[in-house]
Amino acid sequence: MAKIDEYIPLVGQAVIDDLRLLGERLKGKVIQHINSTPVGGGVAEILNRMVPLLVELGVDAKWDVIKGGEQFFGVTKRFHNALHGRPEEITRRDFEIFMETSQRNIGEVNTYGDIVFVHDPQPIALVKKKDGNKWLWRCHIDVSEPDVRVWAFLMDFIAKFDSAVFSAPSFSRKLPIRQFLISPSIDPLSDKNKELPPETINAVLRKYDIKKDKPIIIQVSRFDRLKDPVGVIEAFLQVRRYVDCQLILAGGTAEDDPEGFKVLDEVREKARNNPDIHILLLPQNDIEINALQRASDVIIQKSIREGFGLTVSEALWKAKPVVASNVGGIPLQIKHKYSGLLCHSVEGASFAIKQLLSSPEYAKKLGENGREHIKNNFLITRHLRDYMLLFLSLYHPEDVVQLY
Ligand code: UDP
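Residues numbered from 1 in each chain as written. Predicted model: local features only at pLDDT ≥ 70, side-chain atom pairs only at ≥ 80, totals over all residues. Heavy atoms only, no water.

Novice: Explain the overall build of the chain to me, using residue names and the numbers behind them.
Specialist: Scanning the chain for helices and strands turns up 15 helices and 12 strands. Computed over C-alpha atoms, the radius of gyration of the chain comes to 21 Å, within 12% of the 22 Å expected from 2.2 N^0.38 for 404 residues, which places it in the range of a compact globule. Each principal axis of the C-alpha atoms in the chain carries an extent, and together these give about 65 × 55 × 35 Å. Looking at the 404 residues of the chain, the share that counts as buried comes to 56%. The long-range fraction of contacts in the chain, counting pairs at least 24 apart against all pairs at least 6 apart in sequence, stands at 72%. Summing over all exposed atoms, the chain offers an accessible surface of approximately 17300 Å²; the carbon and sulfur share of this is 51%. In the chain, 54 positive and 54 negative side-chain charges are present, and the distance between their average locations comes to 2 Å. (Helix = DSSP H or I, 4+ residues; strand = E, 2+ residues; numbered from the N terminus. Rg over C-alpha atoms; globule rule 2.2 N^0.38 Å. Buried < 20%, exposed > 50% of the residue type's maximum accessible area, 1.4 Å probe, protein only. Contact = heavy atoms within 4.5 Å. Areas by Shrake-Rupley, 256 points an atom, 1.4 Å probe, with all protein chains shown as cover. Lys, Arg positive; Asp, Glu negative; His and termini not counted. Charge placed at Lys NZ, Arg CZ, Asp CG, Glu CD.)

Structure representation (structure tokens):
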């Protein structure tokens, strides 16, 4: 794992000096992250790098994961969809199941942090102030148009936190507590994002029996309806009428997402054994995902709803031309026709993909602009700084702190 000084060539000495200074100021404070899965999805992706880097900076950062069975994660997945504004049938029993598992976790998870940093709704009921500790709720979901019942249910817990953190201004809501806007980030030196030699990329393509004889389009995502993998296939089939190309749908499932295998079946059904559609169920394998992204000519993220959309940052960091839906945090990353192309439909996506495949110079320029934008705004060093300033601000509630 990369050490903090290895980021100096990318972001400059001053940024790293700043981080060390902030780390000094936080010495002695235990920062305890709590979420619901150690692997799969953006939150785990970030914590896997954030926690060791905080520790290296001298901050006593810890990470605990709550336990939940299939029923509980079935409920929290429906909550997740409903909070994103998708119609979901939520019953009284769902709220009871949520509380039953939460009660068990309250008994089992020791909340020992000076700052307890709770990610997303799954562990939200743990909130309980004691010994003057501070509680942060980090919402990674776009809750701008949530299901009112689920939101009202969560509000009882949210109100008990000291502050809440959202990924983008448009995600936030009126709350009785302080709010911070901090966008997520990628780690440019992780296995997922570091430079790879061509031999590694070629070996991964060989492993999955993918030839480089025609352009590659890829979407990397959990198999989740909100990521619209079936829509990606529809867009691909439209492109395929005009341009000979191939599609990779690469994704795993997350422990807190029980729908994955059902969606995978739908995707396989739609692909009908088309030899140009490669459906790869990857275990957590960052180098392979990195290699597949780097081997691709166009990267797509056709989400119907999205949190921030780390896969878009990952693609842009690799200077790839990206076609992505204009939802969630994606427009923060892509300025249409400057650092990628935004789309609103299957037809829009297929039109944009065709355009990029037929104008390689234009595609290259969009990718280069995208990489610069990620470098300036969405690398983990910026994220570390924002989080450490946030932690410090909790001890100075009277000061106005503007992180964005
Ligand atoms: N990811 C992965 N393997 C997969 C699917 C996704 O490692 O099979 C990673 C992906 O590269 C990204 C993260 O999981 O880093 C997904 O984050 P994003 O914000 O795009 O979506 P989320 O899954 O959190 O909704």
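Novice: Break down the site of the ligand for me, with residues and values.
Specialist: In the vicinity of the ligand there are 16 residues, among which Gly 42, Arg 222, Lys 227, Gly 252 and Glu 314 approach most closely. One of the backbone N or O atoms of Gly 42 is found 2.7 Å from an oxygen atom in the ligand. Residue Lys 227 places a side-chain N or O atom 2.7 Å away from an oxygen atom belonging to the ligand. Considered on its own, the ligand offers 540 Å² of accessible surface; in the complex 91% of this is hidden by protein. Of all the secondary structure elements, the ones that give two or more residues to the shell around the ligand are α3 (42–56) and α11 (310–317). Tallying contributions element by element places α11 first for the shell around the ligand, with 3 residues. Taken together, the residues of the shell around the ligand break down into 2 nonpolar, 8 polar and 6 charged. (Near = heavy atom within 4 Å. Polar contact = N/O pair within 3.5 Å; in protein donor to acceptor, adjacent residues only side chain to side chain. Nonpolar A, V, L, I, M, F, W, Y, C, P; charged D, E, K, R; others polar.)

Novice: So what's going on with the pairing of strand β7 (residues 216–220)? Residues and values would help.
Specialist: In terms of residue burial, β7 counts as a mostly covered element, since 5 of its 5 residues are buried. Where β7 lies against strand β8 (residues 246–251), 5 bridges are found, and the strand directions are parallel. Its bridge partner being in β8, Ile 217 is matched across the sheet by Leu 247. Crossover connection from β7 via helix α8 (residues 229–240) to parallel β8: handedness right-handed. Pairing between β7 and strand β10 (residues 298–301): 2 bridges, direction parallel. Within β10, the position partnered with Ile 218 by the bridge is Ile 299. (Pairing = 2+ DSSP bridges. Right-handed = clockwise from strand over helix to strand, strands pointing away.)

Novice: Tell me about the pattern of salt bridges, and please be specific about residues and values.
Specialist: The final tally for this structure, using the stated rule, is 31 salt bridges. Here Lys 211 makes a salt bridge to Asp 209, at a shortest N to O gap of 3.9 Å. Residue Glu 306 pairs with Lys 227 through a salt bridge whose shortest N-O separation is 2.9 Å. Taken together, the positions of Glu 306 in the loop between β10 and α11 and Lys 227 in the loop between β7 and α8 put the pair 79 residues apart, joining distant regions of the chain. Residues joined in a network through salt bridges with shared partners are Lys 77, Arg 222, Asp 224, Arg 225, Glu 259 and Glu 266. (Salt bridge = Lys/Arg side-chain N within 4 Å of Asp/Glu carboxyl O.)

Novice: Just give me the short version of helix α6 (residues 148–158), but keep the residues and values in it.
Specialist: What α6 keeps buried is the set Val 150, Trp 151, Phe 153, Leu 154, Met 155, Phe 157 and Ile 158. Considering only its buried residues, α6 is in contact with α4 (70–83), α5 (92–108) and β4 (134–139). Sitting at the head of α6, Asp 147 places a side-chain oxygen 3.0 Å from the backbone nitrogen of Arg 149.

Novice: Describe the packing of α5 against α6, listing the residues and the values that go with them.
Specialist: Interaxial distance between α5 and α6 falls to 12 Å at its minimum, and their mutual angle equals 30°. Here α5 lies roughly parallel to α6, going by the angle between them. The two elements α5 and α6 meet at a crossing, and its hand is right-handed. Counting all contacts with α5, which are made through Arg 92, Phe 95, Phe 98 and Met 99, the residues of α6 involved are Arg 149, Val 150, Phe 153 and Phe 157. Along the lines of polarity and charge, the residues of the contact of α5 with α6 split into 6 nonpolar, no polar and 2 charged. (Axes fitted to C-alpha atoms, helices over the stretch in contact; angles between N-to-C directions. Parallel < 35°, antiparallel > 145°, perpendicular 65-115°, else oblique. Left-handed = near helix turned anticlockwise from the far one by under 90°.)

Novice: If you had to explain the side chain of Glu 259 to someone new, which residues and values would you point to?
Specialist: Checked against the element boundaries, Glu 259 lands in the loop between β8 and α9 (260–271). On the basis of relative accessible area, Glu 259 is assigned to the buried category, the value being 15%. Sequence-distant contacts of Glu 259, defined by excluding residues within four places in its chain, comprise Lys 77, Asn 81, Phe 223 and Arg 225.

Novice: Got a sec to walk through the nonpolar core? Specific residues and values, please.
Specialist: Among the nonpolar cores identified, the biggest contains 66 residues, and Leu 292, Leu 384 and Phe 391 are the most heavily contacted of them. If we skip the residues at most four places from it in the chain, Leu 384 touches Ile 4, Leu 19, Met 50, Leu 53, Leu 54 and Leu 57. (Core = buried A, V, L, I, M, F, W, Y, C linked by side-chain atoms within 4.5 Å.)

Novice: Go over the sheet that holds β10, please, and point to the residues and values.
Specialist: The strands that make up a sheet are held in pairs by hydrogen bonds between backbone atoms, and each pair lies either parallel or antiparallel. With respect to topology, 6 strands assemble into an open sheet ordered β9-β8-β7-β10-β11-β12, the strand pairing being parallel. Because the sheet does not close on itself, it has two edges, and the strands there are β9 (277–281) and β12 (341–343). This sheet shows a mean twist of 20° between the axes of neighbouring strands, independent of strand direction. Here α9 sits on the sheet in contact with β8 and β9, set at roughly 165° to β9. Relative to strand β11 (residues 322–325), α11 is tilted by about 165°, and along the sheet it contacts β7, β10 and β11.

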